[in-house]
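# Examination of the molecular architecture
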Amino acid sequence: MNTGCLLVLYAPRALEDAIVDLLLSLETDQGFSSFPVSRHHHHGQGLSLAEQVSGRQQQICFQIQTCEQALDLLIQQIREEFAGARIVYQILPLWASGSI
């Protein structure tokens, strides 16, 4: 079993290809996952009129399993390449991971 961290990114759908390109350029054993999500906000900052009415914003979510040592570098790369893009991230500890 391996432990590490799970980096979760929520990004505007328009950035999907650029983020995929960045993540594919990294040398990771685990790869990453991506899928569309609806993010719900109680504030309307940065939302279109349709998103404000519906209360949800269509975004893309990425899940990247990594080790703690690589995490800081990855976050820094994302900050540099996507400054001001309103990407939200979460870092979660992994208790275990593996393949069955």
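Everything below is about the structure shown above.
Residues numbered from 1 in each chain as written. Predicted model: local features only at pLDDT ≥ 70, side-chain atom pairs only at ≥ 80, totals over all residues. Heavy atoms only, no water.

### Structural notes on a negative patch on the surface
A surface patch of negative charge is lined by D17, D21, E80 and E81. Of all elements in the fold, only α1 (16-24) and α3 (68-81) reach the threshold of two or more residues within the negative patch. One can find D21 in helix α1. A relative accessible area of 52% means that D21 is categorised as exposed. (Patch = residues over 30% accessible without salt bridge, like charges linked within 9 Å, V, L, I, M, F, W, Y side chains within 5 Å. Areas by Shrake-Rupley, 256 points an atom, 1.4 Å probe, with all protein chains shown as cover. Salt bridge = Lys/Arg side-chain N within 4 Å of Asp/Glu carboxyl O. Lys, Arg positive; Asp, Glu negative; His and termini not counted. Charge placed at Lys NZ, Arg CZ, Asp CG, Glu CD. Helix = DSSP H or I, 4+ residues; strand = E, 2+ residues; numbered from the N terminus. Buried < 20%, exposed > 50% of the residue type's maximum accessible area, 1.4 Å probe, protein only.)

### Overview of unusual backbone geometry
One non-glycine residue with positive phi stands out, namely R86, at about 60°. For R86, the position within the fold is in the loop between α3 and β4 (88-97). On the basis of relative accessible area, R86 is assigned to the partly exposed category, the value being 48%.

### Thoughts on the packing of aromatic side chains
Overall, the coordinates contain one aromatic pair when judged by the stated rule. When the ring centre of Y10 is taken as reference, the NZ or CZ atom of R39 above it lies at 4.3 Å. (Phe/Tyr/Trp six-rings, centres within 6.5 Å; stacked < 30°, edge-to-face > 60°. Lys NZ or Arg CZ within 6 Å of the ring centre and 35° of its normal.)

### Brief notes about the nonpolar core
Of all hydrophobic cores here, the largest spans 19 residues; its most connected members are L7, L9, I19, F62, I78, F82 and I87. The contacts of I19, once residues within four sequence positions are left out, are L9, A11, F62, F82 and I87. (Core = buried A, V, L, I, M, F, W, Y, C linked by side-chain atoms within 4.5 Å. Contact = heavy atoms within 4.5 Å.)

### Details of the pairing of strand β3 (residues 56-66)
Along β3, eight of the eleven residues are buried, which leaves the element largely enclosed by surrounding structure. Direction of pairing for strand β2 (residues 32-40) relative to β3: antiparallel, over a ladder of nine bridges. Each residue of the ladder has a partner; that of S33, found in β3, is Q63. (Pairing = 2+ DSSP bridges.)

### Focus on the side chain of S97
One can find S97 in strand β4. Here the side chain of S97 touches Q65 through a polar contact of 2.8 Å, side chain to side chain. (Polar contact = N/O pair within 3.5 Å; in protein donor to acceptor, adjacent residues only side chain to side chain.)

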